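Chain by chain, the residues run as shown.
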Amino acid sequence: MSRRWSVLIVGLFAMVAGCAYQYGLPYLIPALRADGGISLSQAATLISCPVAGLLVSLALWGVAADRWGERIVLATGLTVAGGALLAATAAVHHLVALGACFFVAGAGGASIHAASGRLILGWFAAHERGLAMGVRQTGQPLGVGLAALALPPLAAGAGLAGGLVFLAGCCLAAALLVAVVVRDPARTGGHEPHGGRSPYGTPVLWRIHAASALLVVPQFAVSAFALVYLVDTQGWDAATAGRLLAAAQVGGAAARLAVGHWSDRAGSRLRPMRLLALGIGVVMLALTAGALTGWGGASAVLVVAAVITVTTNGLAYTAVAEYAGRAWAGRALGIQNTGQNLLAAATPPVLGSLVGGSDYGTAFAVAVAFPVVAALLIPVRSERAPGRSATPEPTRARS
């Protein structure tokens, strides 16, 4: 297997390990409520702590990746995350300490978002990056799917600590693989779209950042409350609901691959992103109607929503990295992820308060407008084609 595909596979595993705890903690909500005797709103706030940790460190990890390379950043960050999750097992019954451990784990794991996408920009040519980034981005739904499949039975058998040990082990294993396998691509002075200068002289990147952040809201409205919605409203047991949602995450991963290939064939990242944003709005409207009326088929719509809401991330990441160029990709991806995770951190507690005072349909209804506004913000006319004839950058590892 060539070096670049080995790097991509290890980067994918790093994404799976990181996203399993960053975005998969909702599958521990029943255990959190049972072990700690806390409310749904308190549990929703607690599971947002890793995302809050991401917010304070993403830009710093991006600067570090641009300066020192991806291998050091990924291995260090994943090791910090694994250690923090192990420490969390001793704080299961202490809400503040548990939140602090989750916060530190999120801060360490932020490295995967700033660095692993940057590797693809260096190792893959322009006409391959959509698919390659799609592979990398499947790490998020696969990580959430892994959490959905593994955490409910682990928590049922060994309590909250059992799930946390599993998540810590995944992070530490990923750190070891990164240290052994990953090599940074050679740095070159050419092929920089802005001559190495800041790409923020125009509003293009800011509009992509804003649209991507808005698209996080429906994604997290679904992922944060899908399990409890099926259990509380549809009468499912937690393990069965977890298996269904794990299958939905696998579907989301496959959809990201298809969308990445679509963008390579179309020579555009942003046109497919706009079409998908509009599709997300339609699906969320259908989910809202089903939840408000108590329609039994809302479970099927929920699965569709779990798939389609994750499809735009890879397109946005690729567009940001290509527009910024390798000299600025780490910082640009750090800013991209900061905006996304700001809304990701806010979505569960805000919608959790709505659920507590009303119902799930109201929470889903709030999310309908966000993808529509995102579609209007996406700067399709300003997009530079990825370039089928673009010269691939050297794929030599740095010594």
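Residues numbered from 1 in each chain as written. Predicted model: local features only at pLDDT ≥ 70, side-chain atom pairs only at ≥ 80, totals over all residues. Heavy atoms only, no water.

Here the focus is the overall build of the protein. Counting its regular elements, the protein contains 17 helices and zero strands. Since a compact globule built from 399 residues should have a radius of gyration of about 21 Å, the 20 Å found for the protein is in line with a globular shape. C-alpha extents for the protein along the principal axes are approximately 55 × 45 × 35 Å. Burial analysis of the protein (399 residues in total) assigns 59% to the buried set. Looking at the protein as shown, the accessible area adds up to about 14100 Å², and 68% of this sits on carbon and sulfur atoms. For the protein, the separation between the mean place of its 25 positive charges and that of its 13 negative charges on side chains is 9 Å. (Helix = DSSP H or I, 4+ residues; strand = E, 2+ residues; numbered from the N terminus. Rg over C-alpha atoms; globule rule 2.2 N^0.38 Å. Buried < 20%, exposed > 50% of the residue type's maximum accessible area, 1.4 Å probe, protein only. Areas by Shrake-Rupley, 256 points an atom, 1.4 Å probe, with all protein chains shown as cover. Lys, Arg positive; Asp, Glu negative; His and termini not counted. Charge placed at Lys NZ, Arg CZ, Asp CG, Glu CD.)

Moving on, we get to the pattern of salt bridges. Considering all chains together, one arrives at four salt bridges under this definition. Across the pair Glu128 and Arg4 runs a salt bridge, and its minimum N-O distance is 2.9 Å. Placement of Glu128 in helix H8 (residues 126–137) and of Arg4 in helix H1 (residues 3–22) is noted, with a sequence separation of 124 residues between them. Classification of Glu128 as partly exposed rests on a relative accessible area of 22%. Take Arg4: its relative accessible area is 23%, and that puts it in the partly exposed class. (Salt bridge = Lys/Arg side-chain N within 4 Å of Asp/Glu carboxyl O.)

With that settled, the discussion passes to helix H12 (residues 270–293). In an α-helix, one turn spans 3.6 residues; hence positions three or four apart end up facing the same way. Between its terminal C-alpha atoms H12 stretches 35 Å, which fits the 34 Å expected from 24 residues at 1.5 Å a residue. Phi turns positive one or two residues past the end of H12, at Gly294, with a value near 75 degrees. (Expected span 1.5 Å × (residues − 1).)

So, about the packing of aromatic side chains. Taken as a whole, this structure holds six aromatic pairs when the rule is applied. Their ring planes at 75 degrees and their centres at 5.2 Å tell us that Tyr23 and Phe220 sit as a pair that is edge-to-face. Of this pair, Tyr23 sits in the loop between H1 and helix H2 (29–36) while Phe220 is found in helix H10 (residues 204–232), placing the two residues 197 residues apart along the sequence. For the pair shown, Tyr23 and Phe220 are each scored as buried. Put simply, the rings of Tyr200, Trp206 and Trp328 pair up and form one aromatic cluster. Here the basic side chain of Arg331 rests over the ring of Trp328, its NZ or CZ set 4.1 Å away from the ring centre. (Phe/Tyr/Trp six-rings, centres within 6.5 Å; stacked < 30°, edge-to-face > 60°. Lys NZ or Arg CZ within 6 Å of the ring centre and 35° of its normal.)

The subject of this paragraph is the confidence of the model for the protein. The predicted coordinates of low-pLDDT regions are not to be read in fine detail. Predicted confidence across the protein gives a mean pLDDT of 83, with 90% of residues reaching 70 or more. The spread of mean pLDDT over the elements of the protein runs between H2, the lowest at 73, and helix H17 (residues 369–377), the highest at 95. The model gives residues 387–399 a pLDDT under 50, and that stretch makes 33 contacts with residues more than four places away or in other chains. (pLDDT = per-residue confidence, 0-100. Contact = heavy atoms within 4.5 Å.)

As a further point, take the environment of Leu315. Within the secondary structure layout, Leu315 lies in helix H14 (residues 313–324). When its relative accessible area of 2% is taken as the criterion, Leu315 is described as buried. With 116 residues separating them in the primary sequence, Leu315 and Pro199 have C-alpha atoms 18 Å apart. Setting aside its immediate chain neighbours within four residues, Leu315 contacts Val259, Ser263, Arg269, Pro272, Met273 and Leu276.

On the secondary structure map, Thr288 appears in helix H12. On the basis of relative accessibility, which here comes to 6%, the residue Thr288 falls in the buried class. Apart from residues lying up to four places away in sequence, Thr288 is in contact with Gly361, Phe364, Ala365 and Val368.

Next up on the list: the nonpolar core. Formed by 132 residues in total, the largest nonpolar core has its most connected members in Leu85, Leu98, Phe102, Leu164, Met284 and Phe364. At 18 residues, the largest contribution of residues to this core is made by H10. Setting aside residues no more than four positions away along its own chain, Leu85 makes contact with Tyr21, Phe102, Ala105, Leu164, Leu167, Ala168 and Cys171. (Core = buried A, V, L, I, M, F, W, Y, C linked by side-chain atoms within 4.5 Å.)

Another point: the packing of helix H11 (residues 238–266) against H12. Each pair of packed helices can be summarised by the angle the axes make with each other and by the distance between the axes. For the pair H11 and H12, the least separation of the axes is 9 Å and the interaxial angle reads 135 degrees. As judged from the angle between their axes, H11 and H12 are oblique. Contacts between H11 and H12 pair Val259, Trp262, Ser263 and Ala266 from the former with Arg271, Pro272, Leu275 and Leu276 from the latter. Partitioned by chemical class, the residues of the contact of H11 with H12 number six nonpolar, one polar and one charged. (Axes fitted to C-alpha atoms, helices over the stretch in contact; angles between N-to-C directions. Parallel < 35°, antiparallel > 145°, perpendicular 65-115°, else oblique. Nonpolar A, V, L, I, M, F, W, Y, C, P; charged D, E, K, R; others polar.)

Mapped onto the secondary structure, Thr311 falls in the loop between helix H13 (298–308) and H14. Once residues within four sequence positions are removed from consideration, Thr311 is found in contact with Ala255, Arg256, Val259 and Leu276.

A word on the environment of Ala155. Structurally, Ala155 can be placed in helix H9 (residues 139–181). Through-space distance from the C-alpha of Ala155 to that of Leu244 is 17 Å; in sequence the pair is 89 residues apart. Beyond its immediate stretch of four places on either side in the chain, Ala155 contacts Leu28 and Ala31.

Moving on to a nonpolar patch on the surface. A surface patch of nonpolar side chains, about 300 Å² in accessible area, is lined by Val56, Val80, Phe103 and Val104. Along the chain, Val56 falls in helix H4 (residues 49–68). (Patch = residues over 30% accessible without salt bridge, like charges linked within 9 Å, V, L, I, M, F, W, Y side chains within 5 Å.)

Our next topic: helix H5 (residues 70–88). For H5, which comprises 19 residues, the first-to-last C-alpha distance of 27 Å matches the rise-based estimate of 27 Å (1.5 Å per residue) to within 8%. All of the buried residues in H5 are Glu70, Val73, Leu74, Ala75, Gly77, Leu78, Ala81, Gly82, Ala84, Leu85 and Ala88.

Summed over the entire model, instances satisfying the criterion amount to zero disulfides. Free of any disulfide, Cys49 has its nearest neighbouring cysteine sulfur in Cys101, separated by 10 Å. For Cys170, which is in no disulfide, the shortest distance to another cysteine sulfur is to Cys171 and amounts to 6.9 Å. The exposure class assigned to Cys170 is buried, which follows from its relative accessible area of 15%. (Disulfide = S-S within 2.5 Å.)

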